[in-house]
Amino acid sequence: MQFGIFTVSDVTTDPTTGTTPDDTQRVRDILTIAEHADQAGLDVFATGEHHNPPFVASSPTTMLAYLAARTKHITLSTSTTLITTNDPVRIAEEYAMLQVISDGRMDLMMGRGNTGPVYPWFGQDIREGVNLAIENYALVRQLWENDVVNWQGRFRTPLQGFTSTPRPLDGVPPFVWHGSIRTPEIAEQAAYYGDGFLHNNIFWPIQHTEQMVGLYRQRFEHYGHGRADQAIVGLGGQFFARKNSQDAWDEFRPYFDNAPVYGHGPSMEDFTAQTPLTVGSPQQVIDRYATMKDHVGHYQRQLFLVDHAGLPLKTVLEQIDILAEDIVPELRKINDEGRPADVPSDPPSHADRVAAAMAAGTTGSDHVAAEDEWTGASV
């Protein structure tokens with residue numbers, strides 16, 4: 001099973017010092033965080049995509065391409081690639097380029113984001129959000145899977161004999177996750193294509209997550225990609241840990257109370273009771289996240305948000321070390337227990353997908369767009 005971290009790239013004042021990093025410093029800190037996660041032995045680093053203050057991650061492929069050269073093992077991903085407001089041609093080109101640069105050590109998560117004004121900023125209508133997600137991703141798939149594309153849809157100009165460059169590495173597109181917190185149509189979309197589904201449930205009770213993942217699994221099986229328990233599932237999460245539980249509560253409380261996303265709202269006690277946020281000792285984090293598979297089944301990726309709310313860089317790096325040294329080894333063992341041999345422990349790597357495509361005879365040019373690259377099943 002994969003364990004890693006993701007960033008939303010917020011620029012937030014440290015409530016204990018009154019210090020606010022500028023955009024340049026925050027970007028450089030995120031790069032340091034990602035490199036440290038690689039050195040610590042975590043499996044995944046993912047970045048969001050935002051185009052408004054107080055966030056700075058406006059160009060995920062630029063950041064991840066730099067990290068591809070600076071890291072050795074970690075999978076580079078996105079926790080949101082805005083499928084609704086980015087041109088699908090640019091998505092196809094930029095992530096194929098990232099795939100080539102990283103030698104396949106990447107994947108990405110399509111999402112609609114959580115910032116309404118981004119739609120008019122990029123010339124789109126938020127009321128068409130789901131329709132944009134469906135049409136744009138269908139075009140991305142065609143651009144990756146076919147050397148020459150003719151296309152006409154509702155939301156962009158037609159394409160005549162268009163070839164997206166560079167072509168995907170080894171003729172196999174990147175693995176794609178679809179992320180949604182509350183929209184069943186996106187879980188359906190992930191299931192239709194046989195892609196992964198990531199429920200970033202950091203603000204939601206586990207019962208809601210269980211329903212969304214259950215829908216995705218059911219529809220994954222319906223479309224013939226395998227059994228429901230073989231679907232590729234990821235979850236979000238949050239924690240703050242210290243050796244002594246009370247120390248963790250005392251240290252994190254001012255950051256929680258002043259965080260832009262949940263500060264001045266519910267108490268930390270209420271929020272930790274109702275969402276996956278866990279504050280305490282490493283063992284308490286282990287105990288909490290060991291129960292996730294009881295709700296969603298055996299899953300493949302667990303990401304944690306650790307660098308938000310103004311936490312200083314030194315503290316974030318300490319949290320990564322605690323995660324890598326004290327938490328992940330135990331969670332990895334727990335999540336391996338009872339996993340059926342034919343249920344994937346990880347999302348498919350690039351090498352896995354190349355092997356599957358070769359077995360199905362779909363590597364190289366002019367792939368069949370309706371055929372799933374991972375299982376070879378048609379929908």
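Note that the coordinates shown come from a computational prediction; the quantities given were computed from them, not determined experimentally. (Residues numbered from 1 in each chain as written. Predicted model: local features only at pLDDT ≥ 70, side-chain atom pairs only at ≥ 80, totals over all residues. Heavy atoms only, no water.)

**Comments concerning the overall build of the protein**
Part 1 of the reasoning: Each helix and strand counted, the protein has 13 helices and 13 strands in total.
Part 2 of the reasoning: Its C-alpha atoms give the protein a radius of gyration of 20 Å, within 12% of the compact-globule value 21 Å for 379 residues.
Part 3 of the reasoning: Here the protein, with 379 residues, has 56% of them falling under the buried criterion.
Part 4 of the reasoning: Considering only contacts within the protein whose residues lie at least 6 apart along the sequence, 72% involve residues at least 24 apart.
Part 5 of the reasoning: When the accessible area of the protein is evaluated, it comes to approximately 15,200 Å², of which 51% is carbon and sulfur surface.
Part 6 of the reasoning: Within the protein, one finds 27 positive and 49 negative side-chain charges whose respective centroids are separated by 0 Å. (Helix = DSSP H or I, 4+ residues; strand = E, 2+ residues; numbered from the N terminus. Rg over C-alpha atoms; globule rule 2.2 N^0.38 Å. Buried < 20%, exposed > 50% of the residue type's maximum accessible area, 1.4 Å probe, protein only. Contact = heavy atoms within 4.5 Å. Areas by Shrake-Rupley, 256 points an atom, 1.4 Å probe, with all protein chains shown as cover. Lys, Arg positive; Asp, Glu negative; His and termini not counted. Charge placed at Lys NZ, Arg CZ, Asp CG, Glu CD.)

**Structural notes on the nonpolar core**
Part 1 of the reasoning: If you look at the biggest cluster of nonpolar residues, it comprises 98 residues, and the most contacted ones within it are I5, L42, F45, Y216, F252 and I320.
Part 2 of the reasoning: Examining the composition of this core, we find that 9 residues originate from one element, helix 12 (residues 313–336), more than from any other.
Part 3 of the reasoning: Within the second largest apolar cluster, 5 residues are counted, among which are L82, Y119, L132 and F155. (Core = buried A, V, L, I, M, F, W, Y, C linked by side-chain atoms within 4.5 Å.)

**Some words on the pairing of strand 5 (residues 108–111)**
Part 1 of the reasoning: Burial of the side chains of strand 5 extends over both faces: L108 and M110 are buried on one face and M109 and G111 on the other.
Part 2 of the reasoning: Following the chain from strand 4 (residues 81–82) across helix 3 (residues 88–101) to the adjacent parallel strand 5, one finds a crossover that is right-handed.
Part 3 of the reasoning: With 3 bridges connecting them, strand 5 and strand 8 (residues 176–179) associate as parallel partners. Opposite M109, over in strand 8, you have W177 as the bridge partner. (Right-handed = clockwise from strand over helix to strand, strands pointing away. Pairing = 2+ DSSP bridges.)

**Examining the pattern of salt bridges**
Proximity of charged atoms lets side chains of opposite charge pair with each other.
Part 1 of the reasoning: The final tally for this structure, using the stated rule, is 21 salt bridges.
Part 2 of the reasoning: A salt bridge links D87 to R156, with the nearest nitrogen and oxygen atoms 3.1 Å apart. Highlighted residues: D87 in the loop between strand 4 and helix 3 and R156 in the loop between strand 6 (149–151) and strand 7 (159–162), separated in sequence by 69 residues.
Part 3 of the reasoning: According to the relative accessible area criterion, D87 is partly exposed, its value standing at 29%. (Salt bridge = Lys/Arg side-chain N within 4 Å of Asp/Glu carboxyl O.)

**Examining the sheet that holds strand 3 (residues 75–78)**
Part 1 of the reasoning: The 9 strands are arranged 3-2-1-13-10-9-8-5-4 in an open sheet whose pairing can be described as parallel. The outermost strands of the open sheet, each flanked by one partner alone, are strand 3 and strand 4.
Part 2 of the reasoning: Note that strand 8 and strand 9 (residues 196–199) share 3 bridges and pair parallel. Note that in strand 9 the partner of W177 across the bridge is G196.
Part 3 of the reasoning: Contacts between helix 7 (residues 206–222) and the sheet are confined to strand 9 and strand 10 (233–235), with strand 9 contributing the most and set at about 170 degrees to the helix. (Axes fitted to C-alpha atoms, helices over the stretch in contact; angles between N-to-C directions.)

**Structural notes on the packing of helix 6 (residues 184–193) against helix 7**
Packed helices, taken two at a time, are described by their axes: the angle between them and the distance between them.
Part 1 of the reasoning: Here helix 6 crosses helix 7 at 35 degrees, and the two axes come no closer than 8 Å. The hand of the helix 6/helix 7 crossing is right-handed. Along its contact with helix 6, which presents P184, A187, E188, A190 and A191, the element helix 7 presents M212, L215, Y216, R219 and F220.
Part 2 of the reasoning: Residue composition of the contact of helix 6 with helix 7, grouped by class: 8 nonpolar, no polar and 2 charged. (Left-handed = near helix turned anticlockwise from the far one by under 90°. Nonpolar A, V, L, I, M, F, W, Y, C, P; charged D, E, K, R; others polar.)

**Focus on the packing of aromatic side chains**
Two descriptors summarise a pair of aromatic rings, namely the distance from one centre to the other and the angle between the planes of the rings.
Part 1 of the reasoning: Tallying each qualifying case throughout the model produces 14 aromatic pairs.
Part 2 of the reasoning: The interplanar angle of 90 degrees and the centroid separation of 5.4 Å between the aromatic rings of F239 and F304 together place this pair among those described as edge-to-face. Remark: F304 occurs in strand 13 (residues 301–305) and F239 occurs in strand 11 (residues 239–241); sequence separation between them is 65 residues. For the pair F239 and F304, a shared accessibility class is recorded, and that class is buried. (Phe/Tyr/Trp six-rings, centres within 6.5 Å; stacked < 30°, edge-to-face > 60°.)

**A word on the environment of A356**
Part 1 of the reasoning: Take A356: it is sitting in helix 13 (residues 350–360).
Part 2 of the reasoning: For the pair A356 and Q211, spaced 145 residues apart in the sequence, the C-alpha separation amounts to 30 Å.

**Structural notes on the confidence of the model for the protein**
Part 1 of the reasoning: Looking at the protein, the pLDDT average stands at 93 and 96% of residues meet or exceed 70.
Part 2 of the reasoning: Confidence drops under a pLDDT of 50 for residues 365–379, and excluding neighbours within four residues, the segment shows 51 contacts in the predicted structure. (pLDDT = per-residue confidence, 0-100.)

**Thoughts on the environment of A259**
Part 1 of the reasoning: Topologically, A259 is positioned in the loop between helix 8 (245–258) and helix 9 (268–274).
Part 2 of the reasoning: Residue class for A259 comes out buried when judged on its relative accessible area of 1%.

**Points about the packing of helix 3 against helix 5 (residues 129–145)**
Part 1 of the reasoning: The N-to-C vectors of helix 3 and helix 5 enclose an angle of 45 degrees; their axes lie 8 Å apart at closest approach. Classified by the interaxial angle, the pair formed by helix 3 and helix 5 is oblique. As for how helix 3 packs across helix 5, the hand of that crossing is right-handed. Contacts between helix 3 and helix 5 involve P88, V89, I91, A92, Y95 and A96 from the first element and N136, L139, V140, L143 and W144 from the second. (Parallel < 35°, antiparallel > 145°, perpendicular 65-115°, else oblique.)

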